[in-house]
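This is what each chain is made of:
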Amino acid sequence: MGFLRRYLRNPGAAIGLVLLLLVLAMAGSADLLYPRDPLALAGRPLQWPFQNARFLLGTDASGRDIAAQIFHGARISLLIGFVATIVAIALGIIVGAVAGYYGGLIDDLLMRVTEAFQTVPSFLLLLVLVAVFGSSIVTVTLAIGIVSWPAPARLARAEFLTLRNREFVQACRTLGLRDSAIIFREILPNAMPPLIVYASVVMALAILLESALAFLNLSDPNVASWGNLIGHGRGVLRTQWYVSAIPGVAILLTVLAVSLVGQGLNDALNPRLKPR
Amino acid sequence: MRILGLALRRLAASVPTLLIILAGLFLLLQLAPGDTVDALVAQMGGGDPAMIGELRRFYGLDAPVLAQLMNYLWRLVRLDLGYSAIYGKPVVAVILERLPATLLLMVSALSFAFAAGMALGVVAARRVNQWPDTLISTLGLIFYATPSFWFGLMGIVVFAVWLGWLPPGGFETIGSGYTGIDRAIDIALHLVLPTVTLALIFLAIYLRIMRASMLEVLTLDFVRTARAKGLAEHGVVRRHVLRNALLPMVTLIGLQAGTMLGGSVVVESVFALPGLGRLAYESVVQRDLNTLLGIVFVSALLVIVINFLVDIAYARLDPRIGSQT
C-alpha cells in the first residue's frame, strides 16, 4: 500500500499510469468495439474526422476506418513492445549474470560481444535481421528484442559484480548451492529493481523501433500497426494530413505513458533518492 | 601525447569488437536465402547448372565456410566490400557517394541537439522545480516520446505545405544551377527540417543529462568556494559548473553515435535525402545484401572513429584523465 501511495504522489507517474491504462483499455476493447477486420474496406475513402458518425476519426486513402486501426494498433504496439522487452531483458539477464558472476575470461568474451552489438547502429542491425529473416510479426518482435539486449546486459552485469561477493552469496556457496541456483534464486531477485525500471526504457524504444519499421513498410503488412498507418497516410500528406497525424499522437502518448510509469517506478523503488 | 596514446590504445581494443561484428555479419549472410550467384543468375534470367557451378567456383562460394570467412575478412581489410548488382558498381563507390549527405546531417543534428540541450538543461537546472524547469522537463519528455518520422511529416505539413517557408524534401533544388554561397544556403534550407527531426530525441536526452549533471555539480564543494570568494552567480555557472557538467554530455556523444546513424535511416527516407541511411533502406527493399552489409561495416567503423574522437575531446576537457594512467 505504501508503495502505491509513494508512486501516486508523483503527478507525472500518475498521469503515465492513467494513459497506460487507457491504451490497455483500447487494446482490450478493440475486438468488442471494432469486431470487423480493421484492414478491411469500411466506407468512402478520405473522410475527415468527426464528419461521419460511423467513422469518428475518419477513413484513410483505402477507405479503412482509422479509429478501428488505432484501437487494433494499440494491441499490436503493446504486444510487440512487451514481448520484445521480455526477450531483451531475458537475454540481457542471462549474458549479464554469467559475465558478472563468473568474471575473468568468460566476462571478457561476453563483454566483447556486447560491445560489438553496441557498435553496430541498432536500427541498421534491425534492417539486416528483417532483410535476412523476413518481416512477419514474430521475426520483427524477436529482432527488436535481439537489438535491444546489450544495455540491460551491462546493467545486469554491474549489479551482479557488486552482489557476487556479498555475505549472503558466500553463505550460499558454503552451503554448496549450485551456481545456477545462486544466480537465479539468490542474486537475481536483488538485482531486479533497476532492471525492471530499465525495462520501461527498453519498451518505449521497442515501440518506437517497431513504428519506424512499420512506417518504412518493413514490418508485417498484415496487421494494423500505427506505423503502417502513418506510412500509408504519407501519400495524401499534403491534403489529408490527419491520416498520418492521428496514429502519431497515439504512438507519442503510449511511449510517453511507458516512460512516465518507468520514471515513477524508479522514484517509488528508490525512496531515498532526493526529489529533483 | 599521453592522451593520444591512451585513445590509440582504446582504438586498438576495438579491433576484436570489429572482428566479432564481421564474423556475425558473415554468418547472417550465410543464413540469408540466396547468394551472390543466385542474384546474378536471376538478373541474367536463369542459367544452366554447369555455368552456375562455374560461377560459384569463380566467386569462391564452393570453398569451406571457414575459408570463405577468411576470404571475406581479407577483402574487407582491403576495403573491398564487394559489388552491388543493383547499382552496377562496387559497394565502396556507392557508399562513398552517399556518405557526405549523412555526415552533414549528423554533424548539424548533433550540434543543434548539443547546443539546445545544453542551453535548456542549464536554464532548467538554475530554475529547478520552478515553472521554467517544469516546462522544459515536460517538453523533454514529450520530445523523447515523439516518433521522429512522424515529427518530420508534421514538419513538412506545417512548414512546407501550409507556410511554404521550407522545402519539403531533397538535398538541394535540382536544376537550379546555384553555385558557391547560393548553393550552400540552398542546401542549408533543405537541411533545416531534417536536422531538427533527427535531433529531437537527442535534444531530449541531452537536456535531461545536462540538467541532472548541473544539479550534481552545483552541490560540490568547489562551487561553494567559488561563491564564497564572491564570484557572481553567472560567473560561477559559466566558469566552474558548466565545464564540469559538460563531461557526461561529451561521453553521451560517443554512446549515441550509433543511434544517430540508425535514426538517419528514417529521417533520410522521410525527406528523400540521398544519404547512407536511405541507401540502407533501399538496399533492404531491393534485397541488395552486399550493399546493406557494407553500410553496416562502414557505420561500425564510423562509430569507432567517433568514439576515438570523443576520447580525445574528453581528455582535453578533463586534465585528470590524461595524467592518471
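Residues numbered from 1 in each chain as written. Chains lettered and ligands numbered in written order. Predicted model: local features only at pLDDT ≥ 70, side-chain atom pairs only at ≥ 80, totals over all residues. Heavy atoms only, no water.

Q: What is the right way to read the packing of helix H11 (residues 242–269) of chain A against helix H7 (residues 148–162) of chain B from this model?
A: The packing of two helices is summarised by the inter-axis angle and the distance between the axes. At a minimum axis distance of 10 Å, the contact between H11 of chain A and H7 of chain B shows a crossing angle of 145°. The crossing of H11 of chain A and H7 of chain B is left-handed. Counting all contacts with H11 of chain A, which are made through Ser244, Ala245, Gly248, Val249, Ile251 and Leu252 of chain A, the residues of H7 of chain B involved are Phe149, Trp150, Leu153 and Met154 of chain B. (Axes fitted to C-alpha atoms, helices over the stretch in contact; angles between N-to-C directions. Helix = DSSP H or I, 4+ residues; strand = E, 2+ residues; numbered from the N terminus. Left-handed = near helix turned anticlockwise from the far one by under 90°. Contact = heavy atoms within 4.5 Å.)

Q: I would appreciate a short explanation of a nonpolar patch on the surface in the present structure.
A: On the surface, Leu79, Phe82, Val83 and Ile86 of chain A cluster together to form a nonpolar patch covering roughly 370 Å² of accessible area. By the element assignment, Ile86 of chain A lies in helix H3 (residues 66–102). (Patch = residues over 30% accessible without salt bridge, like charges linked within 9 Å, V, L, I, M, F, W, Y side chains within 5 Å. Areas by Shrake-Rupley, 256 points an atom, 1.4 Å probe, with all protein chains shown as cover. Salt bridge = Lys/Arg side-chain N within 4 Å of Asp/Glu carboxyl O.)

Q: Help me understand the side chain of Glu268 of chain B in this model?
A: By the secondary structure assignment, Glu268 of chain B is in helix H10 (residues 233–270). Here Glu268 of chain B occupies a buried position and makes no salt bridge, while the nearest side chain of opposite charge, Arg98 of chain B, is found at 6.2 Å. (Buried < 20%, exposed > 50% of the residue type's maximum accessible area, 1.4 Å probe, protein only. Lys, Arg positive; Asp, Glu negative; His and termini not counted.)

Q: Honestly, the interface of chain B and chain A in this entry has me stumped. Any pointers?
A: With 52 residues of chain B in contact, the opposing surface of chain A contributes 41 residues. Across the chain B/chain A interface, buried area totals approximately 4,100 Å², and carbon plus sulfur atoms make up 79% of it. Where chain B meets chain A, there are 0 salt bridges. Put simply, chain B and chain A have 6 residue pairs in polar contact (both at pLDDT 80 or more) between them. Broken down by element, the side of chain B that touches chain A gets its largest block of residues, 9 residues, from helix H12 (residues 289–317) of chain B. (Buried area = accessible area lost by both parts, 1.4 Å probe. Polar contact = N/O pair within 3.5 Å; in protein donor to acceptor, adjacent residues only side chain to side chain.)

Q: I keep staring at the nonpolar core and nothing clicks. Help me out?
A: Here is a general trend for soluble globular proteins: nonpolar side chains tend to be buried in one another's company. Counting 155 residues, the largest nonpolar core has Phe123 and Leu127 of chain A together with Phe149 and Met214 of chain B as the members making the most contacts within it. Sequence-distant contacts of Met214 of chain B, that is, excluding residues within four places in its chain, are made with Val122, Ala125, Val237, Val241, Leu242 and Ala245 of chain B. Residues Trp149, Phe160, Ile187 and Ala199 of chain A belong to the second largest nonpolar core, which totals 21 residues. (Core = buried A, V, L, I, M, F, W, Y, C linked by side-chain atoms within 4.5 Å.)

Q: How do you make sense of helix H5 (residues 122–133) of chain A when you look at a structure like this?
A: Each turn of an α-helix holds 3.6 residues, which means side chains three or four residues apart point in the same direction. All names here are of chain A. In a regular helix each residue adds 1.5 Å, so 12 residues correspond to 16 Å; H5 covers 16 Å between its end C-alpha atoms and thus fits that length. The buried count for H5 comes to 10 of 12 residues, which makes it a mostly enclosed element. All of the buried residues in H5 are Phe123, Leu124, Leu125, Leu126, Leu127, Val128, Leu129, Val130, Ala131 and Val132. (Expected span 1.5 Å × (residues − 1).)

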